[in-house]
Amino acid sequence: MVKDEFHFLPIWLKYYRRHFADADIFLLDNKSGPEFRELIPSSVNRITVPDHLSGIVGGPKSVYRRVSFDSARASFVSHLGNGLLNYYKGVIYVDVDEFLIPSAEFGHCLSRFLASGKIGQVTAALGVNVTQLPALEPAALDPARPILEQRAFCYLSDRYSKPLVRTGPAMWGTGFHGCNKPFTIDDDLFLFHMRDSDLDTRRNSHVMRHKEFQDHGKGAGATWQKDASWVLDTHLGRLERSRVSQATFDTVDHGYRVREVREGFHRVLCADGTLSRQSQFDIYRIPPSFASLV
């Protein structure tokens, strides 16, 4: 679901239109402005999602424990995906700053990976949080060049190891970090999360999100409630405590496991059974073979 994401939408469309026909892409637009809507090709399915809530969220209580914009969004997308399974062999949900990229074994080609038969009823990719290191990468992103040509570092993330690919019905939880079905992590599939790939873009994006919280209550209980200064200070503080490894992210034993964290709800946890949140401080390198992809 997207709202006025001028920076990421052209990149997102360019990547996913290489792998899917426009008629098979469904873009959920949360009442963006007219200037932004002009960026959406008419051949792509655009579904407008309102801001207001009915007060009811459809889905199991083990997944949706309170009514919020986030739970309503997850419920809506889950039901839409379940309905689309009447017409497609599988469905994928990704945010506008998320890019599913397979390993070199599949030529980094998403459509080739999906055709390989590896996908189970619900499959998660390994979360790769691409991060600008200001000391080594001081320049802002040039939108005319691929992001991964300009950013070479990342954190691995249990949070972004999301079960976003499925061939069977399921209900995603808020943030799409878990669901009501057991799933597996496929180590040949990576979810590149790009929100932190440029600090200026990160700041501007959060200013917009914080305003959405103030105006509509979106992201209540999450970082959307915090102002941009707090978010950036927290992120920079983590960078200061981090260490850069010589290893590439795809060679690391991440130790993540899928656990049933409460009855009927599954998500990825660290090896010790906890959520890492901001506690992981190892920064890994991104192999050069990814540089031209996004």
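The preceding data block contains the structure.
For every chain, the first residue of the written sequence is number 1, and numbering continues from 1 along that sequence. Whole-chain, interface and lining totals are the exception, using all residues; otherwise, since this is a predicted model, local features are given only for residues with pLDDT of at least 70 and side-chain atom pairs are given and counted only at 80 or more. Side-chain descriptors were evaluated using all non-hydrogen atoms of the structure, hydrogens and water having been removed beforehand.

**Some details on the overall build of the protein**
- Each helix corresponds to a stretch of at least 4 residues labelled H or I by DSSP, and each strand to a stretch of at least 2 residues labelled E; elements are numbered beginning at the N terminus. Across its full length, the protein carries seven helices and 13 strands.
- When we talk radius of gyration, it's over C-alpha atoms, and the globule rule is simply 2.2 Å times the number of residues to the 0.38. Relative to the compact-globule value of 19 Å for 294 residues, the protein shows a C-alpha radius of gyration of 18 Å, a close match.
- Partly exposed residues are those whose accessible area sits between 20% and 50% of the maximum for their type, while under 20% is buried and over 50% is exposed, using a 1.4 Å probe and protein chains only. Buried residues in the protein amount to 51% of all 294 residues.
- Contact definition: two residues touch when any of their heavy atoms are within 4.5 Å. Considering only residue pairs separated by 6 or more positions, the protein has 71% of its internal contacts joining residues 24 or more positions apart.
- Accessible area of the protein: about 13700 Å², with a carbon and sulfur share of 51%.
- The charged-residue count follows a simple rule in which Lys and Arg add positive charge and Asp and Glu add negative charge, with His and chain termini not counted at all. Every charge is mapped to an atom, namely NZ of Lys, CZ of Arg, CG of Asp or CD of Glu. Side chains of the protein carry 36 positive and 34 negative charges; the gap between the two charge centres is 4 Å. Note on areas: Shrake-Rupley, 1.4 Å probe, and residue coverage restricted to the protein chains presented here.

**As for the pairing of strand β13 (residues 282–285)**
- A pair of strands is labelled paired if DSSP reports no fewer than 2 bridges between them. Direction of pairing for strand β6 (residues 153–157) relative to β13: antiparallel, over a ladder of two bridges. In the strand pairing of β13, Cys 154 is matched with Tyr 284.
- Sheet topology note: the strand β10 (residues 243–248)/β13 ladder contains three bridges and is parallel. Each residue of the ladder has a partner; that of Arg 243, found in β13, is Asp 282.

**What about the sheet that holds strand β11 (residues 257–262)?**
- The strand order β8-β12-β11 describes an open sheet built from three strands, whose pairing is antiparallel. Of all the strands in the sheet, the pair left with one neighbour each is β8 (178–179) and β11.
- Note: β11 against strand β12 (residues 265–269), five bridges, orientation antiparallel. Bridge assignment links Arg 262 to a residue of β12, and that residue is Phe 265.

**Section: the packing of aromatic side chains**
- What counts as a ring pair is set by centres within 6.5 Å for rings of Phe, Tyr and Trp (its six-membered ring), and what kind of pair is set by the plane angle: stacked under 30 degrees, edge-to-face over 60, tilted for all other angles. Within this structure, the stated rule accounts for 14 aromatic pairs.
- Between Trp 172 and Phe 176 the ring centres are 5.6 Å apart and the planes differ by 65°, which places this aromatic pair in the edge-to-face class. Here Trp 172 matches Phe 176 in class, with each residue buried.
- Here the aromatic rings of Phe 190 and Phe 290 are separated by 6.1 Å at their centres, their planes lie at 70°, and the arrangement is edge-to-face. A residue pair is termed long-range when its members are at least 10 positions apart, and Phe 190 in strand β9 (residues 184–193) and Phe 290 in the segment after β13 qualify at 100 residues. For the pair formed by Phe 190 and Phe 290, the shared burial category is buried.
- Through pairs of rings, three or more aromatic residues link up here, namely Trp 12, Tyr 15, Tyr 16 and Phe 99.
- Here the guanidinium or amino end of Arg 159 rests over the ring plane of Tyr 160, the centre of that ring lying 5.9 Å away.
- Here the basic side chain of Arg 166 rests over the ring of Trp 172, its NZ or CZ set 4.2 Å away from the ring centre. Counted as over-ring charges are cases with an Arg CZ or a Lys NZ within 6 Å of the ring centre that also lie within 35 degrees of the ring normal.

**Examining the nonpolar core**
- We define the nonpolar core as a collection of buried residues of types Ala, Val, Leu, Ile, Met, Phe, Trp, Tyr and Cys that are connected through side-chain atoms lying within 4.5 Å of one another. By size, the foremost hydrophobic cluster in this structure holds 62 residues, and its most contacted members are Trp 12, Phe 99, Phe 192 and Phe 249.
- Ranked by the residues each element gives to this core, the list is headed by helix α1 (residues 8–16), at seven residues.
- If sequence neighbours within four positions are ignored, Phe 192 has contacts with Asp 97, Glu 98, Phe 99, Ile 101, Val 128, Val 130, Leu 148, Phe 249, Ile 286 and Phe 290.
- Leu 133, Phe 153, Leu 239 and Ile 283 belong to the second-largest nonpolar core, a separate cluster that totals five residues.

**Concerning helix α3 (residues 69–84)**
- To estimate the expected span of a helix, count its residues, drop one, and scale the result by 1.5 Å. With 16 residues, α3 extends 22 Å between its outermost C-alpha atoms, agreeing within 8% with the 22 Å of an ideal straight helix rising 1.5 Å per residue.
- On its buried side, α3 packs onto β1 (26–29), β3 (91–92) and β7 (165–166).

**As for the pattern of salt bridges**
- In the sections that follow, a salt bridge refers to a side-chain nitrogen of Lys or Arg positioned within 4 Å of a carboxyl oxygen of Asp or Glu. One pass over the full model with this rule turns up 14 salt bridges.
- Of the charged contacts in the structure, one is a salt bridge between Asp 95 and Arg 73, with a shortest N-O distance of 3.7 Å. Of this pair, Asp 95 sits in the loop between β3 and β4 (98–102) while Arg 73 sits in helix α3, and the two are 22 residues apart along the sequence. Comparing Asp 95 with Arg 73 shows no difference in burial state: the two are buried.
- Salt-bridge contacts for Arg 195 lead to Asp 97; the nearest nitrogen and oxygen are separated by 2.6 Å. In this pair, Arg 195 is assigned in the loop between β9 and α6 (199–216) and Asp 97 in the loop between β3 and β4, connecting sequence segments 98 residues apart.

**Observations regarding the pairing of β6**
- Most of β6 sits out of view: five of its five residues are buried.
- Sheet topology places strand β5 (residues 122–130) next to β6; four bridges connect them, and they run antiparallel. Bridged to Val 130 within β6 is Cys 154.

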